Structures are given as structure tokens and as C-alpha cells.
Amino acid sequence: MSNLTLSWDLFIIVFFAIVITYTFIIGKKESVKVIIATYIAIVAVQGIGNVLLRVGKEAGLTSQSLLGLSPDLPVFSVFKLLLFIVLMILLTVKAGIGVHYARETTLVNIIVTVLCGAATAGLLLSTLLTYVSNLPILDLTMPQLAQLSPIIQQSPLMQLMIYNQDLWFAGPAVVLIGAGFASNA
């Protein structure tokens, strides 16, 4: 019997299960909209974060001078995480993203929905790890971070998430292309 690390392994399993279940609830077309909105939100948050850092440095401002907070608090990480969630929701609901497939069969629909759910879960979790780590997107130094080292050592699933971050970011795009071929052929 495999050794299940309850803290992080269970969290990842439950996170994937919830996202895949939610994907079935909203359906294939809406889950594709969520993936598209997530990609846009990731890029937007990275851009906004870079602008804020640049403007703050040019003005000589720090989180301590602006908010009276200690510079070692992860204020910027929390801001990016909250901004990501808000932008993702707004883009999904209000951006007018439309998805249409010419041909939909039940089997293809089920397979694509499961793949969209898994791809979305991996993308969301990788993005959340990136923001919590306060790193840029797809930073190759993430596995070497001291604060992530204990998590990587105790959780094989978290190790899989962190070491394969590039695959989790690319996976949803591959799923969308495959869904297009399968549903429009």
C-alpha cells in the first residue's frame, strides 16, 4: 500500500476531484471558457505585478512605506493571488468569451470534460504555487526555493506539481487543441 502524505497529497487529490466535478457541473463549453480566462488572467496579473513593482521601485516605495507593513510579509503574493481570482471570474463571466463546437458526441464530450477538468486543476494549482512563492510564471528556480523544500520532500504529488510546472501550464492548451479537433472534425 502506498504511503499517502495526508497534508499535501490529500490536498492535491481533493483539489483535482473538486475541479473535475465542477467541470462536469458547468459543462465542456464553460470549462473551456474557464481555461481561456485563466490563461488571460495569468498574463494580466504578471503584467500588472511587474508594472506595480517597477513603479514602486522608481518611486522609492516599499510595502513598509505604503502600508506600514514589514517588508517580509507576503503582501504582494496575496495581492497577486486575489487579483488572479477576481480577473479569472470576471473574464469567465463578463468577457463575452464564446465557445462553439460543430459536432458533439457523448463519449467525446465526457473525455474532453475530464481532460479539461484535470488540465484546469493543474493550471490553477501551478499558478497558485507560483503566486504563493512570489516568483514569475514558469520560473525554473521554483524547485530550489527553501520554503518549498520541505513540501517537496514530504509529498510526491507536490513534487510532481512543482517539477512539472511547465507541463501544467502547457497542458490546457494541448487539451483545447485536441478538443477542437475531436469536436469539429
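Residues numbered from 1 in each chain as written. Predicted model: local features only at pLDDT ≥ 70, side-chain atom pairs only at ≥ 80, totals over all residues. Heavy atoms only, no water.

Chemist: Just give me the short version of the layout of surface pockets, but keep the residues and values in it.
Modeler: In this model, the second largest pocket occupies a volume close to 370 Å³. Lining of the second largest pocket is provided by 15 residues; of these, Y22, I26, V34, M88 and L124 occupy positions nearest its centre. Considering every element that reaches the lining of the second largest pocket, the biggest residue donor is helix α1 (residues 8–26), with 6 residues. The residue inventory of the lining of the second largest pocket, partitioned by class, reads 10 nonpolar, 4 polar and 1 charged. (1 Å grid on protein atoms, 1.4 Å probe; cavity = no way out; pocket = protein on both sides within 12 Å on 5 of 7 lines; lining within 4 Å. Points joined across faces, edges and corners; volume = space filled by probe spheres on them. Helix = DSSP H or I, 4+ residues; strand = E, 2+ residues; numbered from the N terminus. Nonpolar A, V, L, I, M, F, W, Y, C, P; charged D, E, K, R; others polar.)

Chemist: Go over the nonpolar core, please, and point to the residues and values.
Modeler: Within the largest apolar cluster, 31 residues are counted, with the highest numbers of intra-cluster contacts made by F16, F84, L148, M158, M161 and I162. When residues of this core are traced back to their parent elements, those giving at least two are α1, α2 (28–58), α4 (75–94), α5 (106–133), α6 (149–154), α7 (156–163) and α8 (165–184). The residues touching F16, leaving out its near neighbours within four places in the chain, are A118, A121, G122, L125, M161 and W168. V112, A119, V175 and A179 belong to the second largest nonpolar core, which has 10 residues in total. (Core = buried A, V, L, I, M, F, W, Y, C linked by side-chain atoms within 4.5 Å. Buried < 20%, exposed > 50% of the residue type's maximum accessible area, 1.4 Å probe, protein only. Contact = heavy atoms within 4.5 Å.)

Chemist: How would you summarise the packing of α2 against α4 if you had to cite specific residues and measurements?
Modeler: Following both chains from N to C, one finds α2 and α4 inclined at 140°, their axes separated by 8 Å at the closest point. Accordingly, the angle class assigned to the pair α2 and α4 is oblique. Between α2 and α4 lies a crossing whose hand is right-handed. Class assignment for the residues of the contact of α2 with α4 results in 17 nonpolar, 4 polar and 2 charged. (Axes fitted to C-alpha atoms, helices over the stretch in contact; angles between N-to-C directions. Parallel < 35°, antiparallel > 145°, perpendicular 65-115°, else oblique. Left-handed = near helix turned anticlockwise from the far one by under 90°.)

Chemist: Explain the side chain of S126 to me, and be specific about the residues and the numbers.
Modeler: Within the secondary structure, S126 sits in helix α5. Apart from residues lying up to four places away in sequence, S126 is in contact with M161, Q165, W168 and F169.

Chemist: Could you give an account of the environment of E30, with specific residues and numbers?
Modeler: One can find E30 in helix α2. Assessed through its relative accessible area of 33%, E30 is described here as partly exposed. Spatially, the C-alpha atoms of E30 and G98 are 8.7 Å apart, while their sequence positions differ by 68 residues.

Chemist: Explain the packing of aromatic side chains to me, and be specific about the residues and the numbers.
Modeler: Summed over all chains, the structure comprises 4 aromatic pairs. Ring plane angle 65° and centroid distance 5.6 Å describe the contact between F84 and Y131, whose orientation is recorded as edge-to-face. Remark: Y131 occurs in helix α5 and F84 occurs in helix α4; sequence separation between them is 47 residues. What makes F84 buried here is its relative accessible area of 1%. Each residue in the set W8, F11 and F15 is aromatic and connected to the rest through ring pairs, giving one cluster. (Phe/Tyr/Trp six-rings, centres within 6.5 Å; stacked < 30°, edge-to-face > 60°.)

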